[in-house]
Amino acid sequence: MNEPKIHPYIPIFIGVISVSLSAIFVKLATADAGVIAFYRMLFSVIIMAPLFFWKYTNELKQLSIRDWCFSSIAGVFLAFHFILWFESLNYTSVASSTVLVTLQPLFAFIGTYFFFKEAITVKTIFAGAIAIVGSVLISWGDFKLSGSAFYGDMLALIACALITIYLLFGQDVRKRLSLVTYTMIVYAVSTITLYFYVLLKGESFGPYSSMDWMWFILLAIVPNLLGHTLFNWSIKYVSTNVVSIAILFEPIGAAVLAFIIFKEYLIATQIIGGCIVIAGILLFVVDDKKILKFFYEKSLIFILVYYILLLVLNKKDDLKIKN
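Fair warning: this is a prediction, and the values are worked out from it, not measured in the lab.

**Some details on the overall build of the protein**
So, step 1. Counting secondary structure elements, the protein contains 13 helices and zero strands.
So, step 2. Of the regular secondary structure in the protein, the N- to C-terminal order runs α-α-α-α-α-α-α-α-α-α-α-α-α.
So, step 3. Relative to its full complement of 323 residues, the protein shows a buried share of 46%.
So, step 4. Long-range contacts, defined here as pairs at least 24 residues apart, represent 88% of the contacts in the protein between residues at least 6 apart.
So, step 5. For the protein, the accessible surface area stands at approximately 17,700 Å², while carbon and sulfur atoms represent 72% of it.

**Some thoughts on unusual backbone geometry**
So, step 1. The residue after glycine 206, namely proline 207, is reached through a cis peptide bond having omega 0°.
So, step 2. Tracing the backbone through its elements, the reader meets proline 207 in the loop between helix H8 (179–201) and helix H9 (210–234).

**Considering the packing of aromatic side chains**
When we look at a pair of aromatic rings, we describe it by the centre distance and by the angle of the planes.
So, step 1. Applying the stated criterion across every chain yields a total of 21 aromatic pairs.
So, step 2. When the ring of tyrosine 208 is compared with that of tryptophan 213, the centres are 6.2 Å apart and the planes differ by 75°; the resulting orientation is edge-to-face.
So, step 3. Given a relative accessible area of 18%, tyrosine 208 falls into the buried group.
So, step 4. Classification of tryptophan 213 as partly exposed rests on a relative accessible area of 28%.
So, step 5. Every member of this aromatic cluster is reached through a ring pair, and the members are Phe38, Tyr39, Phe43, Tyr195, Phe196, Phe205, Tyr208, Trp213 and Phe216.
So, step 6. The side chain of lysine 27 reaches across the aromatic face of phenylalanine 262, ending 5.8 Å from its centre.

**Some thoughts on the pattern of salt bridges**
Pairs may arise between side chains of opposite charge once their charged atoms sit close together.
So, step 1. Summed over all chains, the structure comprises one salt bridge.
So, step 2. With its nearest N and O atoms 3.3 Å apart, the salt bridge here joins lysine 27 to glutamate 264. With lysine 27 in helix H1 (residues 9–28) and glutamate 264 in the loop between helix H11 (250–262) and helix H12 (268–285), this pair connects stretches of sequence that are 237 residues apart.

**Some points on the nonpolar core**
So, step 1. Of all hydrophobic cores here, the largest spans 72 residues; its most connected members are Ile36, Leu78, Phe86, Leu103 and Phe216.
So, step 2. Top contributing element to this core by residue count: helix H2 (residues 33–55), with twelve residues.
So, step 3. Within the second largest apolar cluster, six residues are counted, among which are Ile12, Val16, Val19 and Phe231.

**A few points about the environment of glycine 152**
So, step 1. Locating glycine 152 in the fold gives a position in helix H7 (residues 147–173).
So, step 2. For the pair glycine 152 and serine 97, spaced 55 residues apart in sequence, the C-alpha to C-alpha distance is 7.3 Å.
So, step 3. Excluding residues that lie within four positions of it along the chain, glycine 152 makes contacts with Ser88, Tyr91 and Thr92.

**As for the confidence of the model for the protein**
So, step 1. Within the protein, residue pLDDT values average 82, and 83% of them lie at 70 or more.
So, step 2. Averaged over each element, pLDDT in the protein is lowest for helix H13 (residues 288–322) (54) and highest for H2 (95).

**Here we look at the packing of helix H4 (residues 94–101) against H7**
So, step 1. Relative orientation of the contacting elements H4 and H7 amounts to 30°, with a least axis distance of 8 Å. The angle between the axes of H4 and H7 places the two elements in the roughly parallel class. Here the hand of the crossing between H4 and H7 comes out right-handed. Residues Ser96, Ser97, Leu100 and Val101 of H4 form the contact with H7, whose own contacting residues are Asp153, Ala156, Leu157 and Cys160.
So, step 2. Class assignment of the residues belonging to the contact of H4 with H7 gives a composition of five nonpolar, two polar and one charged.

**Topic: the side chain of aspartate 67**
So, step 1. Looking at the secondary structure, you find aspartate 67 in helix H3 (residues 65–88).
So, step 2. On the basis of relative accessibility, which here comes to 4%, the residue aspartate 67 falls in the buried class.
So, step 3. Residues within four places of aspartate 67 in sequence aside, it is in contact with Gln62, Val173 and Arg176.

**Observations regarding the side chain of serine 178**
So, step 1. As for its position among the elements, serine 178 is in the loop between H7 and H8.
So, step 2. Looking at serine 178, its side chain comes within polar contact range of the side chain of threonine 181, at 3.1 Å.

**As for a nonpolar patch on the surface**
So, step 1. Together, Ile6, Ile10, Phe13, Ile14, Ile17, Leu226 and Trp233 give the surface a local cluster of nonpolar side chains, amounting to about 610 Å² of exposed area.
So, step 2. Listed by contribution, the elements that provide at least two residues to the nonpolar patch are H1 and H9.
So, step 3. Top contributing element to the nonpolar patch by residue count: H1, with four residues.
So, step 4. In this structure, isoleucine 17 sits in helix H1.
So, step 5. Take isoleucine 17: its relative accessible area is 34%, and that puts it in the partly exposed class.

**A look at the environment of serine 72**
So, step 1. The residue serine 72 is located in helix H3 in this model.
So, step 2. Residue serine 72 is classed as partly exposed on the basis of its relative accessible area, which comes to 26%.
So, step 3. Along the sequence, serine 72 and phenylalanine 169 sit 97 residues apart, while their C-alpha atoms lie 9.2 Å from each other.
So, step 4. Engagement of the side chain of serine 72 in a polar contact is seen with the backbone oxygen of tryptophan 68, the distance being 2.7 Å.

Rules used throughout
- Residues numbered from 1 in each chain as written.
- Predicted model: local features only at pLDDT ≥ 70, side-chain atom pairs only at ≥ 80, totals over all residues.
- Heavy atoms only, no water.
- Helix = DSSP H or I, 4+ residues; strand = E, 2+ residues; numbered from the N terminus.
- Buried < 20%, exposed > 50% of the residue type's maximum accessible area, 1.4 Å probe, protein only.
- Contact = heavy atoms within 4.5 Å.
- Areas by Shrake-Rupley, 256 points an atom, 1.4 Å probe, with all protein chains shown as cover.
- Phe/Tyr/Trp six-rings, centres within 6.5 Å; stacked < 30°, edge-to-face > 60°.
- Lys NZ or Arg CZ within 6 Å of the ring centre and 35° of its normal.
- Salt bridge = Lys/Arg side-chain N within 4 Å of Asp/Glu carboxyl O.
- Core = buried A, V, L, I, M, F, W, Y, C linked by side-chain atoms within 4.5 Å.
- pLDDT = per-residue confidence, 0-100.
- Axes fitted to C-alpha atoms, helices over the stretch in contact; angles between N-to-C directions.
- Parallel < 35°, antiparallel > 145°, perpendicular 65-115°, else oblique.
- Left-handed = near helix turned anticlockwise from the far one by under 90°.
- Nonpolar A, V, L, I, M, F, W, Y, C, P; charged D, E, K, R; others polar.
- Polar contact = N/O pair within 3.5 Å; in protein donor to acceptor, adjacent residues only side chain to side chain.
- Patch = residues over 30% accessible without salt bridge, like charges linked within 9 Å, V, L, I, M, F, W, Y side chains within 5 Å.

Structure follows, in structure tokens:
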């Protein structure tokens, strides 16, 4: 494998910042959640279209009726994921919403267990329990803060479940299609779904201010295309686990940006609950052997430092006695 010209951690870092900006752009836009989601997907399709029609249209011939159905269902679930997640940001904080959406790996495990009969391990149950405790703590704190914040948390959790269903329907189709073709189909279906949703809800397609149009376009370019493309590029050079762990820093990046831009202060339950959720997901995505190796190495370092300190302190005591 050829060495990359830049260290893979640099694109990963930029990718984390890019996806962290998603919630910020949504909060800055003044349109309804469905409209924001519609324009995010529409501009993504428009930007991808030239590349798709130039190189990938021949792949459409390989699609079976089942593939079309699964891809379309995935697109519909993706559309409603964005609607509910964007709506949640009207009620709860950026930090709470993004942390709860990061529970997706655990929702995915539940889905793969029931639909694909994948094995369940003690580590998975333990990791899930930790993450659930964290999410309950966040929701409890937000409920005490206000009923609307708790409602926003519930929307974020449902949005998390929907993105998981989208991924489950897509994972089989992705084995036979390139990323560009699959993404184009799903995004196109999602755009059509969002168009009819906005139409039925009676929400306005415009006019909007130039700032709103800028946020719509940035939502398509930065988190959708730049962020996820950088993650996909990085997987060629680093472990998938590294990228999975990096994505867990999205809520942290989003919370910091929300504090700077919107002055959103975090309460104790959000901080503690968020840390617990991230710890649970981290335990879930990291290999058992790597965890044991990490703690083994750290324990050896701790013991070594401990004995060095003891030696230093003993020498000091000896010097005092001699003096």
